[in-house]
Amino acid sequence: MLTVSNLCASYGAIRAVRDVSLQVGAGSLSVVLGANGAGKSTTLRAIAGLHRPVTGEILLEERPIQRMPLHSVVRNGLAFVPEGRMVVAPLTVEENLSLSRFAGAPNASEIEDRVYALFPRLAERRKQPAGLMSGGEQQMLAIGRALMTAPKVLVLDEPSMGLAPAIVDLVFEAIVALHKDGQSILLVEQNAAIALSVADYGYVMRRGQIVIEGDPASLKENPEVLEAYLS
Ligand code: ATP
């Protein structure tokens with residue numbers, strides 16, 4: 001569904017991502033682990049059309065998207081939930097969701113109902129300004145807003161960041177439900193234990209490169225993963 005090949009991305013002279021190749025199969029969930037500064041967010045931002053890569057190819061289904069403007073990337077079926085959520089604070093939950101309608105499928109009301117079914121807390125807070133909601137609720141809203149575009153691939157940057165454990169569980173229950181429903185997902189996570197418990201395949205990044213990859217069972221037994229992320 002999504003194939004990234006030999007992706008390189010820089011900030012001026014700083015090469016943040018070097019030769020990264022990864023895949024998300026149709027209906028599968030791939031996770032990227034790594035320490036702070038490893039290049040995970042830059043990789044996702046490049047995939048999502050927010051950071052122009054220096055070289056490399058990003059195929060969504062069979063279509064190259066690495067040179068497309070952001071709105072075309074969204075229209076072609078890739079939705080990105082950034083780190084820090086970026087919901088529009090003064091707007092209500094339903095207004096935030098409707099912001100993505102223009103890019104979405106004609107059945108926007110149906111998708112909105114699905115978002116509320118996935119996150120009943122959002123349904124209860126429909127008329128509430130997003131800025132007055134908890135971090136967890138804002139994360140749910142950010143995911144809901146991405147789903148409004150009916151993405152073929154949903155790309156999530158650290159959805160657990162700054163959330164209490166019980167709320168992390170709620171957010172991940174929703175991610176698992178989406179995955180079970182056939183949604184293809186690319187997830188960056190610092191919380192390796194929870195990420196590997198839901199993923200079909202995992203990658204570990206260090207200093208801009210993918211240094212380990214494999215299925216979750218093999219990653220959980222890898223000494224470097226055990227020491228750096230699961231101890
Ligand atoms: P984190 O979990 O802390 O977000 P990350 O793995 O997502 O880390 P990136 O944010 O992609 O890592 O950063 C990769 C490298 O690029 C780091 O060395 C970082 O300092 C550098 N970097 C990130 N953003 C910028 C920027 N806007 N300008 C210059 N360098 C940057």
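In every chain, residue numbers begin from 1 and rise along the written sequence. Restriction of local features to residues with pLDDT of at least 70 applies here, the model being predicted, together with a cutoff of 80 or more for giving and counting side-chain atom pairs; totals for whole chains, interfaces and linings are based on all residues. Water and hydrogen atoms were dropped before computing side-chain values, which therefore reflect all heavy atoms in the structure.

A. Just unusual backbone geometry, in detail. A positive phi angle, close to 50°, is found at Ala-150, a residue other than glycine. Looking at the element boundaries, Ala-150 is found in the loop between helix H6 (135-147) and strand S7 (153-157). Only protein chains enter the calculation, and the probe is 1.4 Å; a residue is then buried if its accessible area is under 20% of its type maximum, exposed if over 50%, and partly exposed in between. Given the relative accessible area of 38%, Ala-150 is considered partly exposed. Positive phi, normally seen in glycine, also occurs at Arg-207, with a value near 45°. In this text, helices come from DSSP runs of H or I with a minimum length of four residues, and strands from runs of E with a minimum of two, each type numbered from the N-terminal end.

B. Molecular detail of the side chain of Asn-76. Tracing the chain through its elements places Asn-76 in the loop between helix H2 (70-75) and strand S6 (78-81). In protein, a polar contact requires one atom able to donate a hydrogen and another able to accept it; more generally it is a pair of N or O atoms within 3.5 Å, and residues adjacent in sequence count only if both atoms are side-chain atoms. Separated by 2.8 Å, the side chain of Asn-76 and the backbone oxygen of Ser-72 make a polar contact. Should any heavy atoms of two residues lie within 4.5 Å, those residues are counted as being in contact. In this view, Asn-76 contacts Leu-60, Arg-63, Met-68 and Lys-152; residues no more than four positions away in its chain are not counted.

C. Fine view of the packing of aromatic side chains. Geometry of aromatic contacts follows a simple scheme: Phe, Tyr and Trp rings, the Trp one being its six-membered ring, pair when their centres are within 6.5 Å, and the pair is stacked under 30 degrees between planes, edge-to-face over 60, tilted otherwise. Evaluation of the coordinates by the stated rule reveals one aromatic pair. Judged by centre distance (5.2 Å) and plane angle (65°), the ring pair of Tyr-201 and Tyr-203 falls under edge-to-face. Take Tyr-201: its relative accessible area is 28%, and that puts it in the partly exposed class. Given a relative accessible area of 4%, Tyr-203 falls into the buried group. Sitting over a ring, as applied to charges here, requires NZ of Lys or CZ of Arg to be within 6 Å of the ring centre and within 35 degrees of the ring normal. The ring of Tyr-116 has Arg-126 lying over it, and the distance from NZ or CZ to the ring centre is 4.0 Å.

D. Broad picture of the packing of H6 against helix H7 (residues 165-180). Lines fitted to C-alpha atoms define the axes, with helix axes restricted to the stretch in contact, and inter-axis angles between N-to-C directions lie between 0 and 180 degrees. Where H6 contacts H7, the two axes come as close as 9 Å, and the packing angle between them is 15°. Of the possible angle classes, the one that applies to H6 and H7 is roughly parallel. As H6 runs across H7, the sense of the crossing is right-handed. Across from Gly-136, Gln-139, Met-140, Ile-143 and Leu-147 in H6, the residues of H7 making contact are Ile-167, Leu-170, Val-171 and Leu-178. Residues were grouped as follows: Ala, Val, Leu, Ile, Met, Phe, Trp, Tyr, Cys and Pro as nonpolar; Asp, Glu, Lys and Arg as charged; and all remaining residues, including Gly, as polar. The residue inventory of the contact of H6 with H7, partitioned by class, reads seven nonpolar, two polar and no charged. We call two directions roughly parallel when the angle between them is under 35 degrees, roughly antiparallel when it is over 145, roughly perpendicular when it lies between 65 and 115, and oblique otherwise. The hand of a helix crossing depends on one turn: near helix anticlockwise from the far one by less than a right angle means left-handed, and clockwise means right-handed.

E. Structural context of the nonpolar core. Put simply, a nonpolar core is a bunch of buried Ala, Val, Leu, Ile, Met, Phe, Trp, Tyr and Cys residues held in one set by side-chain atoms that sit within 4.5 Å of each other. Within the largest apolar cluster, 46 residues are counted, with the highest numbers of intra-cluster contacts made by Leu-122, Ile-143, Leu-154 and Leu-187. In terms of residue count, the dominant contributor to this core is H7 (seven residues). Residues within four places of Leu-154 in sequence aside, it is in contact with Ala-79, Val-81, Ile-143, Ala-146, Leu-147, Leu-178, Gln-183, Ser-184, Ile-185 and Leu-186. The next biggest cluster of nonpolar side chains, apart from the first, holds 28 residues, and it includes Ala-46, Ile-65, Met-68 and Val-153.

F. How the structure looks around the pairing of S7. Burial of S7 is extensive: five of the five residues sit out of reach of the surface. Residue alternation in S7 divides its side chains into two sets, Val-153, Val-155 and Asp-157 and Leu-154 and Leu-156, and both sets are buried. Pairing of S6 with S7 involves four bridges; the strand directions are parallel. Within the sheet, the bridge partner assigned to Val-81 lies in S7 and is Leu-156. Only strands joined by at least two bridges in the DSSP assignment are considered to pair. Where S7 lies against strand S8 (residues 184-188), five bridges are found, and the strand directions are parallel. Along S8, the bridge assignment pairs Asp-157 with Val-188. The β-α-β motif built from S7, the intervening H7 and the parallel element S8 has right-handed crossover chirality. Call a crossover right-handed when, viewed with both strands pointing away from you, the route from the first strand across the helix to the second goes clockwise.

G. How the structure looks around the sheet that holds strand S5 (residues 63-64). In spatial order, the strands read S2-S1-S4-S5; together these four strands make up an open sheet with antiparallel pairing. Across the chains shown, the open sheet's two edge strands, defined by having one partner strand only, are strand S2 (14-24) and S5. Alignment of strand S1 (residues 2-11) against S2, held across seven bridges, turns out to be antiparallel. In the sheet register, Tyr-11 faces S2, and the bridge partner there is Ile-14.

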